[in-house]
Amino acid sequence: MGPPRAASLAGPAVDATAGVTVKVEIKNGIFELTLSNPDGIVTGVRYNGVDNLMEILNKEDNRGYWDLVWNPPGQKTGIFDVIKGTEFRIIYQDENQAEVSFTRNWDPSLEGKAVPLNIDKRFIVLRGSSGFYTYGIYEHKEGWPDFGLGETRVAFKLRKDKFHYMALADDRQRIMPMPDDRLPPRGQPLAYPEAVLLVDPINPDLRGEVDDKYQYSCEDQYNNVHGWMSFDPPIGFWQITPSDEFRTGGPLKQNLTSHVGPTMLAMFLSAHYAGDDLSPKFTNGEYWKKVHGPVFMYLNSSWDGSDPTMLWEDAKVQMMIEKENWPYCFALSEDFQKTEQRGCVSGRLLVRDRYIDDQDLYASGAYVGLALPGEAGSWQRECKGYQFWCRADVDGSFYIRNIVTGNYNLYAWVPGFIGDYRLDATLTIASGDDIYLGDLVYEPPRDGPTMWEIGVPDRSAAEFYVPDPNSNYVNRLYINHPADRFRQYGLWERYAELYPNSDLVYTVGQSDYSTDWFYAQVNRKLDDNTYQPTTWQIKFNLDSVSPSSTYKFRVALASSALAELQIFFNDQDKALPHFATGLIGRDNAIARHGIHGLYWLFNIDVASAWLVQGVNTIYLKQPRSQNPFQGLMYDYLRLEGPCGC
């Protein structure tokens, strides 16, 4: 690559060939970044002998851009807004770095016409760095109009004649279709616009496959680096997200990554796999300010294009370097706190469940995090503030670093146990704090001994039976891919093939949840293209029933999509169910090839009069049946006997 070169900023430069436009060019001897002025759109990236890695066939404002979706009060349909600045400033420039700003400010004359936010988009190029950083500061001033924010992100549209190979994990990378393959007659639309069957793709090797951008979604905790590779010349263009702190909904929140375009996204806020709960609403003129990013767009190249894994492996190394350098010392906005301005929290989490062990257990592998104050578990729907998470060590010890100053609750959940932990005290983090909390004890919901259980309490339905896809609708990436087999298209239709006339019956002590419990309780499609509700059964034997006592049935859901769970004990013809959730959830995980959405836990008192000595049946009914994507995913079910039985 040669010795580091100084960052230089040339501009504004005039390109008179297509009318008068003004552009900003930043270069450091490794690459050259071109930004429209004052819009702040990435119109060009020159690197490794290629004049422009961005899609030159697209208009300049459809190459590399920040965007958002917003809605005024009472308006359900979101307004898509490519964020274009109105003022350009050079924040700083010397031989080691350049930082530029593109701002767009709101004033009352824009009410109803533009999202009521002041937005400052920043771009940074460093000496010797093969790539550029971008971050955005959003501010809603006190007294400004109410609005909702459905999504915000950075999108990059790369050259389709160059970038054909996409990677987002060691075992999730492949040659991708061309965008033209998704359009008729090459592509055949399936059950929704995002899913397309490739009937005559430009690359004949892809014929018969399904393409859907949601098949490449990823939990934020693993969504650190993804992007595209060109083979001629061998170039990688990668999006690296070094921290989750500015993303909403916690470590399990799922977001889009890269997909056919070739398109590459840095998602900051979205309703994907969650629904409207993850779309913040700003009401009563509340003040709000948040920094999204910085994220890093990394460029790499090799002499030999025969092995794409070389570029991928290098991108992973760079991702680790970026994570180690977080929070960046070079981002110059005073709203982005540096290491010395932040604080830390540590301690140890234990689990107390006397029905499992007389001693407190280490909360090994627990997710421990700080988020805005709220109820236990509220972090998964929190979408205005910052969140800071870590995984506990084997002995339950945790250390959360680089926390932005402010007020938080400490939250946790422990794989293998139901429910959510929250430390009652509000933690106020000040600059330089290193708070040690000592031993914390989580007591998960428990009233009595386990009589039986189905599944594993891990907030996912992955342990249940995920069928093979219909051979006419496959993504070959996920064939013989146990960890991601649920990402195949159309799995919801397999239920009616397995259970054409009657529904699932699970017999405790005989059935195996990995083969006998379908991953999602979906509707059955009938011959006339209507849908029929389904009622599953759990059969179990009781040697005796403790009279005048209360049992407990705990149902943890991994997902709900415009669905309802009605539960009947030994009497499915009862006029009203013994328990009903009502209509819940909009996470759409069934249609979006997810294995979970948001987590729900229901703790149901079961009167002994509802049970009988001998064989009992619990009926689980999902009555909402307008479309194939309404349904539930279960995480874990457990029946507890009365205390002391």
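Rules and cut-offs
Residues numbered from 1 in each chain as written. Predicted model: local features only at pLDDT ≥ 70, side-chain atom pairs only at ≥ 80, totals over all residues. Heavy atoms only, no water. Helix = DSSP H or I, 4+ residues; strand = E, 2+ residues; numbered from the N terminus. Rg over C-alpha atoms; globule rule 2.2 N^0.38 Å. Buried < 20%, exposed > 50% of the residue type's maximum accessible area, 1.4 Å probe, protein only. Contact = heavy atoms within 4.5 Å. Areas by Shrake-Rupley, 256 points an atom, 1.4 Å probe, with all protein chains shown as cover. Pairing = 2+ DSSP bridges. Salt bridge = Lys/Arg side-chain N within 4 Å of Asp/Glu carboxyl O. Phe/Tyr/Trp six-rings, centres within 6.5 Å; stacked < 30°, edge-to-face > 60°. Lys NZ or Arg CZ within 6 Å of the ring centre and 35° of its normal. Domains from an automatic or database assignment. Buried area = accessible area lost by both parts, 1.4 Å probe. Polar contact = N/O pair within 3.5 Å; in protein donor to acceptor, adjacent residues only side chain to side chain. Nonpolar A, V, L, I, M, F, W, Y, C, P; charged D, E, K, R; others polar.

What the protein contains, in helices and strands, is 3 helices and 46 strands. Taking 2.2 N^0.38 as the reference for a compact globule, 645 residues should give roughly 26 Å; the C-alpha atoms of the protein span a radius of gyration of 26 Å, in line with that estimate. Projected onto its principal axes, the C-alpha positions of the protein cover 85 × 60 × 50 Å. Counting only residues that meet the buried cut, the protein has 57% of its 645 residues in that class. Of the contacts formed within the protein by residues at least 6 apart in sequence, a portion of 70% connects residues at least 24 apart. For the protein, the accessible surface area stands at approximately 25700 Å², while carbon and sulfur atoms represent 48% of it.

Attention shifts here to the sheet that holds strand β35 (residues 505-507). The 5 strands are arranged β35-β39-β45-β41-β42 in an open sheet whose pairing can be described as mixed. The open sheet terminates on both sides in strands that have one partner only, identified here as β35 and β42 (579-580). Across 3 bridges, the pairing between β35 and strand β39 (residues 534-542) is parallel. Residue pairing in the sheet places Tyr-506 in a bridge with Ile-538 of β39.

Going through the model one piece at a time under the given rule, you end up with 44 salt bridges. Across the pair Asp-51 and Arg-46 runs a salt bridge whose closest N-O atoms are separated by 2.6 Å. Notably, a salt bridge pairs Arg-422 with Asp-424, separated by 3.6 Å at the nearest N-O pair. Given the relative accessible area of 25%, Arg-422 is considered partly exposed. If you follow the salt bridges from partner to partner, you end up with Asp-447, Lys-552, Arg-554, Asp-605, Arg-638 and Glu-640 in one network.

Moving on, we get to the packing of aromatic side chains. A complete count under the given rule lists 51 aromatic pairs for this structure. Relative to Trp-144, the ring of Trp-106 lies with its centre 5.0 Å away and its plane at 55°, an arrangement referred to as tilted. Residue Trp-106 is located in the loop between β8 (97-104) and β9 (118-126), and its partner Trp-144 is located in the loop between β10 (131-140) and β11 (147-157); the two are separated by 38 residues in the primary sequence. The same class applies to Trp-106 as to Trp-144, namely buried. One aromatic cluster is present, built from ring pairs that chain together Trp-66, Tyr-133, Tyr-135, Tyr-138, Phe-246, Phe-268, Phe-296, Tyr-298, Trp-326, Tyr-328, Phe-330 and Phe-336. A cation over an aromatic ring shows up here: Lys-384 above the ring of Phe-282, its NZ or CZ 4.9 Å from the ring centre.

Once the domains are mapped, the protein shows domain 1 (15-168 + 216-325), domain 2 (339-442) and domain 3 (450-640). Here the C-alpha centre of domain 2 lies 30 Å away from the C-alpha centre of domain 1. Each partner contributes residues to the interface: domain 1 has 21 residues there, and domain 2 has 17 residues. In this assembly, domain 1 packs against domain 2 so that about 1400 Å² is buried in total across both faces, 53% of it on carbon and sulfur atoms. Interface area lost by domain 1 to domain 2 is led by Glu-245, Pro-251 and Asp-277, which between them contribute 36%. Where domain 1 packs against domain 2, one counts 3 salt bridges. Between domain 1 and domain 2 we count 11 residue pairs in polar contact (both at pLDDT 80 or more) in total. Breaking the side of domain 1 that touches domain 2 down by element, the ones donating at least two residues are β23 (281-282) and β24 (288-301). Among the elements that line the side of domain 1 that touches domain 2, the one with the most residues is β24, at 3 residues. When the residues that make up the side of domain 1 that touches domain 2 are grouped by side-chain class, the tally is 10 nonpolar, 5 polar and 6 charged.

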